[in-house]
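A structural walkthrough
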Amino acid sequence: MEEFRRSYSRLCRESGAEPQEAVLQQLHQLPRGRLDLATQSLTVETCRALGKLLPRETLCTELVLSDCMLSEEGATLLLRGLCANTVLRFLDLKGNNLRAAGAEALGKLLQQNKSIQSLTLEWNSLGTWDDAFATFCGGLAANGALQRLDLRNNQISHKGAEELALALKGNTTLQQLDLRWNNVGLLGGRALMNCLPSNRTLWRLDLAGNNIPGDVLRAVEQAMGHSQDRLTTFQENQARTHVLSKEVQHLREEKSKQFLDLMETIDKQREEMAKSSRASAARVGQLQEALNERHSIINALKAKLQMTEAALALSEQKAQDLGELLATAEQEQLSLSQRQAKELKLEQQEAAERESKLLRDLSAANEKNLLLQNQVDELERKFRCQQEQLFQTRQEMTSMSAELKMRAIQAEERLDMEKRRCRQSLEDSESLRIKEVEHMTRHLEESEKAMQERVQRLEAARLSLEEELSRVKAAALSERGQAEEELIKAKSQARLEEQQRLAHLEDKLRLLAQARDEAQGACLQQKQVVAEAQTRVSQLGLQVEGLRRRLEELQQLSLKDQERVAEVSRVRVELQEQNGRLQAELAAQEALREKAAALERQLKVMASDHREALLDRESENASLREKLRLREAEIARIRDEEAQRASFLQNAVLAYVQASPVRTLSPPK
């Protein structure tokens, strides 16, 4: 802030003006990140200097300029400097009497600035000029960062409210709008109410003190309640998605750890198998060397039986070593089979858990579908109630028209009676006062003409009222038919979509069941392979016993050493084949694991599609409710207008009957 203070004083001196002491004191006392110049009367030079400094300021996030008595030029200079600022978040311009130039500068600021999130414009005069306020609304429509806007006491008329409604239709970030104590009126309130369904972000709109009817205020409050519910559901969905993403990441990490552990165990097993194969190869080589030595000893020293006995003893020791190696190989094969059985059990348990999760998701989806059906039934009930209300209003209209006709007939009868009485009084007075009769006849002719004119006017008014009644009835019937058609279309669309989605879900369930059956079949095949491996191990044990017998025979018969070497080579080949089969089984297990991962991905995709479908259905239900509420408001308005017209007609007929001149001239009864 010290650097900001120095640059401010330098710019003021360069422009030929002294810096304001009050502003310097405020800049010296302000905390970091906030510039508060409230109740300081800022000059044009100060505004120019601040407008040059604020675009380069990177630490100020709040700017308070309330009750600063800014002029139009100073406000435009300040706002022009703020257009290039990228750090400011809060701007307060309360009580500065901003007018046309200020509104245009604010519109440019909203178009160019991308960082201001809260703007306070209370106690200004932005709505007095419609063109300037239209530019302000255009900037608001193009803005993509503002979240809170305060426009209290700004003399905004119904035209300004209509411009604001157009701006709200294009804006996608504003969440709070305060329009209290303006001159919005009925037309502006309706315009704002009509723009709310197309805006998905605004969740608070204050319209108190604007001469707006109660039904419009209630409709706006209801729309704000819907938007607040939508905001809460969106936040809950975001939290749930965050939690689910964390769980998925945790599961992936666990699976990667398990996979790494499996790879380590497989590598260890491979190393052990390689070591065992190397040891067996070395021992086979030793056996071959011993056999060669035996051949040489038998060919060279047949007479030396003692040496042959020693060689036989050595061969027996080697045979024992081979028997121990075969026993260790059998134990390793048993341990491998047990590990494979445990892994198969774990995979079966995981498959069972996934199936249970799928069943739970299906039950939740069915419950949500039932809830949606209940909501549709409630909408149908409301529609029936509205039909009954329309029928009652028609009956009331017919009864009112009948009463009006009866009153008109009674008025005509009274007029005829009064005419007869007047004629009788005239005949009686002709013999007495000829002059008065002439005067009275003239007066009567004039009164008859006036009465005829009034009767004609009343008949024209009655005809116009009847035409308006017929038009209103036709409009109500057409609106009712349109509403019924829209409801029928919405119901048919909802049913078709539900049927299609249910069929899609059934197909996916069938595919999942087929995949589960395939996985079970693969598990059974693996079990069969394990059983075959066990049988082969038993066969190998039998073969090992046979080999032992053969070794004993070889000890007894030294001539059959070549056959024993062939049998050892055959055993080696069989061990290699068994190793290859075990590797193939491991590859098959890895393929099964990849299939299980693919099934899990499909399940996640299905769950996300189902959630999106539910959200779409909720939005359609909300739109239908809004349309029904608007139709109810229009019907109530038409009913009120008809009641007012009927009361006006009744008052006119009564006034005509009471104010007729013939009645004044009629003798008392």
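This one's a predicted model, so the numbers in the text were calculated from it and none came from an experiment.

1. Here we look at the pattern of salt bridges
Enumeration according to the criterion identifies 14 salt bridges in this entry. For the salt bridge of R617 with E620, the shortest nitrogen-to-oxygen distance reads 4.0 Å. Taken together, the positions of R617 and E620, both in helix 12 (residues 561-658) and three residues apart, correspond to about one turn of that helix. R617 sits in the buried class, given a relative accessible area of 5%. Between E641 and R637 there is a salt bridge whose closest N-O contact spans 3.1 Å. In this pair, E641 and R637 both sit in helix 12, four residues apart, roughly one turn of the helix. Judged by its relative accessible area of 32%, R637 falls in the partly exposed class. Each of E122, D150, R152, D178 and R180 takes part in one network of salt bridges that share partners.

2. A look at the sheet that holds strand 1 (residues 34-36)
With parallel pairing, the seven strands of this open sheet are ordered in space as 1-2-3-4-5-6-7. Sheet topology places strand 1 and strand 7 (204-206) at the edges, where each strand pairs with a single neighbour. Mean inter-strand twist for the sheet, computed between neighbouring axes without regard to direction, equals 0°.

3. A word on helix 5 (residues 100-112)
Along its 13 residues, helix 5 runs 19 Å from first to last C-alpha, staying within 8% of the 18 Å computed at 1.5 Å per residue. Turning to helix 5, its buried residues are G102, A103, A105, L106, G107, L109 and L110. Of the surrounding elements, those touching the buried residues of helix 5 are helix 4 (72-82), strand 3 (90-92), strand 4 (118-120) and helix 6 (130-142).

4. Examining the nonpolar core
Counting 70 residues, the largest nonpolar core has L91, F136, L149 and L151 as its most contacted members. In contact with F136, other than residues within four places in its own chain, are A103, L106, G107, L110, L121, L149 and L151.

5. Some words on the packing of helix 4 against helix 5
In the contact formed by helix 4 and helix 5, the axes pass within 9 Å of each other and the chain directions differ by 0°. Taken together, the axes of helix 4 and helix 5 are roughly parallel relative to one another. From helix 4, E72, T76, L79 and L82 reach across to helix 5, where they touch A100, A101, G102, A105, L106 and L109. Along the lines of polarity and charge, the residues of the contact of helix 4 with helix 5 split into seven nonpolar, two polar and one charged.

Quick notes on the rules
- Along each chain, the written sequence defines residue order, and numbers are assigned to residues from 1.
- Local features in this predicted model are restricted to residues whose pLDDT is 70 or higher, and side-chain atom pairs enter the listing and the counts only when it is 80 or higher, whereas totals over whole chains, interfaces and linings include all residues.
- Excluding hydrogens and water, the side-chain values take into account all heavy atoms of the structure.
- Counted as salt bridges are all cases of a side-chain nitrogen of Lys or Arg within 4 Å of a carboxyl oxygen of Asp or Glu.
- Each helix corresponds to a stretch of at least 4 residues labelled H or I by DSSP, and each strand to a stretch of at least 2 residues labelled E; elements are numbered beginning at the N terminus.
- Each residue is assigned to one of three classes by its accessible area relative to the maximum for its type, calculated with a 1.4 Å probe on protein chains only: buried under 20%, partly exposed between the two thresholds, exposed over 50%.
- Only strands joined by at least two bridges in the DSSP assignment are considered to pair.
- To get an axis, fit a line to the C-alpha atoms, keeping to the stretch in contact for a helix; angles then go from 0 to 180 degrees between the N-to-C directions.
- Between the first and last residue of a helix there are one fewer steps than residues, each counted as 1.5 Å, and that sum is the expected span.
- We call two residues contacting when some pair of their heavy atoms lies within 4.5 Å.
- Only buried Ala, Val, Leu, Ile, Met, Phe, Trp, Tyr and Cys residues count toward a nonpolar core, and they belong to the same one when joined by side-chain atoms within 4.5 Å.
- Working rule for angles: under 35 degrees goes down as roughly parallel, over 145 as roughly antiparallel, 65 to 115 as roughly perpendicular, anything else as oblique.
- Only Asp, Glu, Lys and Arg are considered charged in this grouping, and only Ala, Val, Leu, Ile, Met, Phe, Trp, Tyr, Cys and Pro are considered nonpolar; every other residue, Gly among them, is considered polar.

The analysis is restricted to geometry; functional conclusions fall outside its scope.
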